[in-house]
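Structural description and commentary
Listed below are the residues making up each chain.
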Number of protein chains: 2
Amino acid sequence: MTEDGFKGKVAVVGLGLLGTSLAMALKSKGVEVTGWTRRKEVRDWALEQQIISMTDDRAEVVLSEADITVICLPIPEIIAFVNKFSHAWKSGAIVTDIGSVKEVIVNAGEAVLAPRGVHFVGSHPMAGTEKSGPQNAFAGLYDNAEVFVAKTEQTDAAALVQVRRLWELIGTSVVEIGIREHDNLVAHTSHISHLLALALTQAVLDCNDELQPLRYSGCATGFRDTSRIASSSPKMWREIIENNQDAVLDTMREFERRWDNLRTIIEKGDFNAFEEEFAKGKHLRDAWIDYKNRTRNCGW
Amino acid sequence: MTEDGFKGKVAVVGLGLLGTSLAMALKSKGVEVTGWTRRKEVRDWALEQQIISMTDDRAEVVLSEADITVICLPIPEIIAFVNKFSHAWKSGAIVTDIGSVKEVIVNAGEAVLAPRGVHFVGSHPMAGTEKSGPQNAFAGLYDNAEVFVAKTEQTDAAALVQVRRLWELIGTSVVEIGIREHDNLVAHTSHISHLLALALTQAVLDCNDELQPLRYSGCATGFRDTSRIASSSPKMWREIIENNQDAVLDTMREFERRWDNLRTIIEKGDFNAFEEEFAKGKHLRDAWIDYKNRTRNCGW
C-alpha cells in the first residue's frame, strides 16, 4: 500500500508511449506493476528495464493476478481486448483504459465485464506528445495532466475511488464526468482542432507546382503552430472521429456559426465589429492560458 | 560600404519590436543607422543604447539625410507617415516598409513619392514574435527569415537591388513578388490561420458558466497551439484584414471547400476516405516542415 492509500497490483496492457510512461510513473511511486503487450520483444525489454516486474506470453496469466488493469491501446483494440479476454480477470477486479472517447468503450466494457463481476471504469488522461512508441516514454508524461474518469449509472463506487487514486498517485488532477458529456467535451476541446488543422493544411499546401515554392516561403510560425496537429497519426484520428461522429458533427456546426459570423463581418466591411470579436477571442484565450499557468507546473 | 556591397545611411522609422530589432541587426553589420519614432523617450533610449547613431525631434531632419528609410509602423500609420513626410526625402532616396500587406501600402507610397523622384519599394519580412515593443527587440529576430520584396511596373530596378541587399545583409532570404500576388499569398499562409484560431477559440471557450470549468480542463496542448495566434493584437489584425479584404474572403472560401469536404465525409461515415484525407494532409505538412528544416537554421 502506497502513502496515498492506493493498494493492489496494476497490470498495464499495451506498452506504447502512454502505457510505458504509465508503468514508469506508477513504479516510481512504489506500485507493483505487471504488463503485457502484443510484441514479445517489447515485453522482454520492459522486464529487463524493470519497468514491469512480471509479464507472460499469455495475457490471461498477467490479467488474472491484477487488481487494476489499465488498457493503453487504440480505441478499437481496447474494445477487442476486453471482449477477447473478459474471462481472464478475477471477480472484483477493476479495468480501466486511456482511450480518447468514452461512450463506445465504456458501453462495451460494462456489457462484457459486469456479468462477470469485473468493474469497468473508463479514463482519459489529457497527456501525450506528437511522438509514439515505448522508446519515447518517460515517467513524467502525466505530471500535472488532467484526467477524466467517466461515470455511468452502473459504475461501482469503490472501483471509481480506486481508479481516481491510481491517477492521483502519479500527480494528475482527476475530473469525474459522464460518458456522453465527456465525448461532447473532447469534440470541442480536442477533436475539432485536428479537423481545422487538417483543412487549413489542405487549403494552404495542396496547390499547384507553380504556387508551391511561394506557399512554402510564406508559411511561418503562425501556420506552423495552427497546423501542428495535422501531423498526427491518420489512423489514430480516424478511430477517434469514427467513434465520436455525432458530437464531432455538432461541434463542427458550432464552429461554422462562429466562422460564418466572422465572414459576414468581413464581407460587410464592419472592421470595428471585427476588432471587437478579435478582442473577445483574445480575452477568452488569455484567461484560459492564465488558468493553465496557475493550475499546472509545466511551463505553459 | 559593407562587405556585402550595401552602402548608404539607413533611417529606421518606428522603434517597436521590428524596427528596433532591424536597427540592431543593421548596426551589427556595420551600417550607419539613424532613427525616428513618435515617443521622445524611446528616441532618447535608442540613442543612449547606441542602437541608432542619430535622431531628432523633427522626423524631417532624420529623413532628409537617409539613403534608405525603412518604415516599421502599423499599416495605416505607414500610409499616413509617407503622406505627411513626402516632402522630407531627398530625390533618389529609397523608402521601404515592413507592412503585412503590400497593395495598399505600395500604391500609396508610389503615388506620393514617385513625383518627387523618391523610390518606394515595399517589403514584408516574415519575422516577429507574439511580443511587441522595443524592450523585446533583439538583433537576431530576422535571422534566416524569408522577406518578400514587392515589385510593380513602376519599381526602380536599382532601388530594388538596394532593398534586397539591405535584407540580405542581415541574414534573410529575399523573394521578389508582385503586390497583389503577395497579398493573395499571405491571405493563405498567414491571415486565414488567425481567423481560424479566433473562431476556434470562440467555439470552445465562449460557453456558459456551467461548461467553462470542464472546457478549461479539457483543453490541452493541441488546442493551445491551434489557437495560439488568437492571442495576437486585435488592432493589428483588424488593420491587416481590413487592408486585404478580397484576398482574405477568397481564402476563407477556399478553406470552406476543404472543410465542407471533410464534413461530408464524416456525415457519410466514410472513414476510409477520412483516413486518406488525413494522411494526405499529414504528408503535405510534414514535407513543408522538412523544407523549413533544410533551408532554415532556427530549430524548427
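This structure is a prediction, so every number in the text was calculated from the model and none was measured.

**Quick notes on the overall build of chain A**
Scanning chain A for helices and strands turns up 12 helices and eight strands. When its C-alpha atoms are laid out on the principal axes, chain A stretches across 65 × 40 × 35 Å. The long-range fraction of contacts in chain A, counting pairs at least 24 apart against all pairs at least 6 apart in sequence, stands at 72%.

**Concerning the relation of the copies chain A and chain B**
Between the two copies of this chain, the relationship is a rotation about some axis together with a displacement along it. Overlaying chain A with chain B gives an RMSD of 0.0 Å, the required rotation being 180 degrees about an axis along which the chain moves by 0.0 Å. Given the turn and translation reported, the copies of this chain are related as if by a two-fold rotation axis. Within chain A, the C-alpha atom positioned nearest to the axis of rotation is that of T226 of chain A, 2.0 Å from it. Mapped onto chain B, 100% of the interface residues of chain A are again interface residues, and the two copies thus contact each other with one and the same surface.

**Some words on the packing of helix 11 (residues 245-268) of chain A against helix 12 (residues 271-295) of chain A**
Residues and elements named next belong to chain A. Here helix 11 crosses helix 12 at 150 degrees, and the two axes come no closer than 8 Å. When the axes of helix 11 and helix 12 are compared, the pair comes out roughly antiparallel. Contact with helix 11, carried on its side by L262, I265 and I266, involves A273, F274 and E277 of helix 12 and no other residues of that element. Looking at the contact of helix 11 with helix 12, its residues break down into five nonpolar, no polar and one charged.

**Considering the interface of chain A and chain B**
Of the residues lining the interface, 74 residues belong to chain A; the matching set on chain B comes to 74 residues. Where the side of chain A that touches chain B is concerned, the elements lending two or more residues are strand 8 (173-178), helix 7 (179-205), helix 8 (212-218), helix 9 (221-226), helix 10 (234-242), helix 11 and helix 12 of chain A. Here the side of chain A that touches chain B gets 19 residues from one element, more than from any other, and that element is helix 7 of chain A. Tallied by class, residues from the side of chain A that touches chain B come to 40 nonpolar, 16 polar and 18 charged.

**Section: the pairing of strand 7 (residues 146-151) of chain A**
Residues and elements named next belong to chain A. The element strand 7 is extensively covered by neighbouring structure, given that five of its six residues are classed as buried. Sheet topology places strand 6 (residues 123-125) next to strand 7; three bridges connect them, and they run antiparallel. Bridging across to strand 7, S123 finds its partner in V149. Relative to strand 8, strand 7 runs parallel, the two sharing six bridges. Note that in strand 8 the partner of V149 across the bridge is E176. With respect to chirality, the unit in which strand 7 leads through helix 6 (residues 157-169) into the neighbouring parallel strand 8 is right-handed.

**Re the sheet that holds strand 4 (residues 94-97) of chain A**
Strands pair in a sheet through their backbones, by hydrogen bonds, and they do so in one of two ways: parallel or antiparallel. Residues and elements named next belong to chain A. An order of 2-1-3-4-5 is seen for the five strands of this open sheet, with the pairing classed as parallel. With partners counted over all chains shown, the strands left at the sheet margins are strand 2 (32-36) and strand 5 (119-120), one partner each. With four bridges joining them, strand 1 (residues 9-13) and strand 3 (residues 68-71) adopt parallel strand pairing. Looking at strand 3, one finds that A11 is bridged to T69. Set on the sheet, helix 6 makes contact with strand 1, strand 3, strand 4 and strand 5; between it and strand 4 the angle comes to about 50 degrees.

**Thoughts on the pairing of strand 4 (residues 94-97) of chain B**
Residues and elements named next belong to chain B. Residues I94 and T96 line one face of strand 4 and the alternating positions V95 and D97 line the opposite face, and both faces are buried. Taken together, the four bridges between strand 3 (residues 68-71) and strand 4 define a ladder with parallel strand orientation. In the strand pairing of strand 4, V70 is matched with T96. Between the parallel pair strand 3 and strand 4, the chain is carried across by helix 4 (residues 75-84), and the sense of this crossover is right-handed. Two elements, strand 4 and strand 5 (residues 119-120), share two bridges in a ladder whose sense is parallel. Across the sheet, the residue bridging to I94 is H119, located in strand 5.

**Here's the deal with the environment of A88 of chain A**
Residue and element names in this part refer to chain A. With respect to the helices and strands, A88 occurs in the loop between helix 4 (75-84) and strand 4. With 19 C-beta atoms packed within 10 Å, A88 lands in the partly exposed category. Taking C-alpha positions, A88 is 23 Å from H124, a pair spaced 36 residues apart along the chain. In this view, A88 contacts A59, E60, L63 and S64; residues no more than four positions away in its chain are not counted.

**A closer look at the domain arrangement of chain A**
Residues and elements named next belong to chain A. Here the domain parsing of chain A yields domain 1 (9-177) and domain 2 (183-295). Computed from C-alpha coordinates alone, the two centres of domain 1 and domain 2 are separated by 32 Å. With 10 residues of domain 1 in contact, the opposing surface of domain 2 contributes 10 residues. By residue class, the composition of the side of domain 1 that touches domain 2 is six nonpolar, one polar and three charged.

**Remarks on unusual backbone geometry**
One non-glycine residue, Q50 of chain A, lies in positive phi territory at about 60 degrees. Along the chain, the position of Q50 of chain A falls in the loop between helix 2 (40-48) and helix 3 (59-64). Even without glycine at this site, N144 of chain B takes up a positive phi of about 65 degrees. Mapped onto the elements, N144 of chain B comes out in the loop between strand 6 (122-125) and strand 7 (146-151). Since 15 C-beta atoms lie within 10 Å of it, N144 of chain B is described here as partly exposed.

**What to know about the nonpolar core**
With 190 residues, the main nonpolar core has V10 and V12 of chain A together with V10 and V12 of chain B as its most contacted residues. Once you skip the residues sitting within four places of it in the chain, V10 of chain B turns out to touch L26, V31, V33, A66, I68, V70 and L166 of chain B.

**A word on helix 6 of chain A**
All names here are of chain A. Taking 1.5 Å per residue, 13 residues should reach 18 Å; helix 6 reaches 18 Å between its end C-alpha atoms and fits that length. All of the buried residues along helix 6 are V163, L166, W167 and L169. Down the axis of helix 6, the buried set is contained in an arc of 165 degrees. They therefore lie on one face. For helix 6, the exposed residues set more than 90 degrees away from the buried face come down to A157 and A158. As for helix 6, its buried residues are in contact with strand 1, strand 3, strand 4, strand 6, strand 7 and strand 8. Just beyond helix 6, the residue with positive phi is G171, at close to 85 degrees.

**A few points about the sheet that holds strand 2 (residues 32-36) of chain B**
Residues and elements named next belong to chain B. The parallel open sheet is built from five strands, whose spatial order is 2-1-3-4-5. Sheet topology places strand 2 and strand 5 at the edges, where each strand pairs with a single neighbour. Here helix 6 (residues 157-169) sits on the sheet and contacts strand 1 (9-13), strand 3, strand 4 and strand 5; the angle it forms with strand 4, its principal contact strand, is near 50 degrees.

**Examining the packing of helix 7 of chain A against helix 7 (residues 179-205) of chain B**
In the contact formed by helix 7 of chain A and helix 7 of chain B, the axes pass within 11 Å of each other and the chain directions differ by 165 degrees. Here helix 7 of chain A lies roughly antiparallel to helix 7 of chain B, going by the angle between them. Crossing geometry of helix 7 of chain A relative to helix 7 of chain B is assigned as right-handed. Contacts from H188, T189, I192, S193, L196, L200, A203 and V204 of chain A of helix 7 of chain A reach helix 7 of chain B at H188, T189, I192, S193, L196, L200, A203 and V204 of chain B. Among the residues forming the contact of helix 7 of chain A with helix 7 of chain B, the class breakdown is 10 nonpolar, six polar and no charged.

How each quantity is defined
- Residues numbered from 1 in each chain as written.
- Chains lettered and ligands numbered in written order.
- Predicted model: local features only at pLDDT ≥ 70, side-chain atom pairs only at ≥ 80, totals over all residues.
- Helix = DSSP H or I, 4+ residues; strand = E, 2+ residues; numbered from the N terminus.
- Contact = placed C-beta atoms within 7 Å.
- Least-squares fit on C-alpha atoms with pLDDT ≥ 70 in both.
- Axes fitted to C-alpha atoms, helices over the stretch in contact; angles between N-to-C directions.
- Parallel < 35°, antiparallel > 145°, perpendicular 65-115°, else oblique.
- Nonpolar A, V, L, I, M, F, W, Y, C, P; charged D, E, K, R; others polar.
- Buried ≥ 20, exposed ≤ 12 C-beta atoms within 10 Å, placed from the backbone.
- Pairing = 2+ DSSP bridges.
- Right-handed = clockwise from strand over helix to strand, strands pointing away.
- Domains from an automatic or database assignment.
- Core = buried A, V, L, I, M, F, W, Y, C linked by C-beta atoms within 7 Å.
- Expected span 1.5 Å × (residues − 1).
- Arc of directions from axis to C-beta.
- Left-handed = near helix turned anticlockwise from the far one by under 90°.

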